[in-house]
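Single-letter residue listing:
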Amino acid sequence: MKELIRTNDPTVIAYVTALLDAQGIASFQMDVHMSVLEGSIGILPRRLMVADRDLFMARSILRDAGVEMGE
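Residues numbered from 1 in each chain as written. Predicted model: local features only at pLDDT ≥ 70, side-chain atom pairs only at ≥ 80, totals over all residues. Heavy atoms only, no water.

(A) Here's a closer look at the sheet that holds strand β3 (residues 46-50). Overall, antiparallel pairing links the three strands, which are arranged β1-β3-β2 in an open sheet. Bordering the open sheet on either side are β1 (2-7) and β2 (27-30), each of which pairs with just one other strand. Each neighbouring strand pair of the sheet contributes to a mean axis angle of 25°, computed without reference to strand direction. In terms of strand pairing, β2 meets β3 through four bridges, oriented antiparallel. Note on β3: the bridge partner recorded for methionine 30 is arginine 47. Packed on one face of the sheet, helix α3 (residues 55-65) meets β1 and β3 and runs near 30° to β1. (Pairing = 2+ DSSP bridges. Helix = DSSP H or I, 4+ residues; strand = E, 2+ residues; numbered from the N terminus. Axes fitted to C-alpha atoms, helices over the stretch in contact; angles between N-to-C directions. Contact = heavy atoms within 4.5 Å.)

(B) How the structure looks around the pairing of β3. With five bridges joining them, β1 and β3 adopt antiparallel strand pairing. Each bridged residue has a counterpart across the sheet, and for glutamate 3 the counterpart in β3 is methionine 49.

(C) Seen up close, the packing of helix α1 (residues 10-22) against α3. At a closest axis distance of 10 Å, the pairing of α1 and α3 adopts a crossing angle of 120°. For the pair α1 and α3, the crossing hand works out as right-handed. Of the residues in α3, those in contact with Tyr15, Val16, Leu19 and Leu20 of α1 are Ala58, Ile61, Leu62 and Ala65. Per-class residue counts for the contact of α1 with α3 are eight nonpolar, no polar and no charged. (Left-handed = near helix turned anticlockwise from the far one by under 90°. Nonpolar A, V, L, I, M, F, W, Y, C, P; charged D, E, K, R; others polar.)

(D) View of the side chain of threonine 17. Tracing the backbone through its elements, the reader meets threonine 17 in helix α1. In terms of polar contacts, threonine 17 uses its side chain to reach the backbone carbonyl oxygen of isoleucine 13, at 2.7 Å. Discounting residues that sit within four places of it in the chain, threonine 17 has contacts with Ser27, Gln29 and Leu48. (Polar contact = N/O pair within 3.5 Å; in protein donor to acceptor, adjacent residues only side chain to side chain.)

(E) Fine view of the confidence of the model for the protein. The predicted model of the protein averages 89 in pLDDT, with 86% of residues at 70 or higher. Averaged pLDDT values for the elements of the protein fall to 66 in helix α2 (residues 34-38) and rise to 96 in α3. (pLDDT = per-residue confidence, 0-100.)

As structure tokens, then:
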């Protein structure tokens with residue numbers, strides 16, 4: 001799996017997940033449960049991962065949608 005995006009904003013994660021789901025690309029959120037350890041103040045970013053074979057297409061989808069990936 002490869003990291004697609006890393007963000008503190010849960011709405012970005014939800015939006016990107018919806019974009020990928022619409023194109024049939026599976027994604028996996030990492031670091032979701034870290035908010036329990038940090039006290040839910042949002043300082044630790046979450047990562048959205050995709051399969052290696054889907055990375056190019058996923059980046060293209062996000063680029064077309066105007067989502068900044070921080071490359």
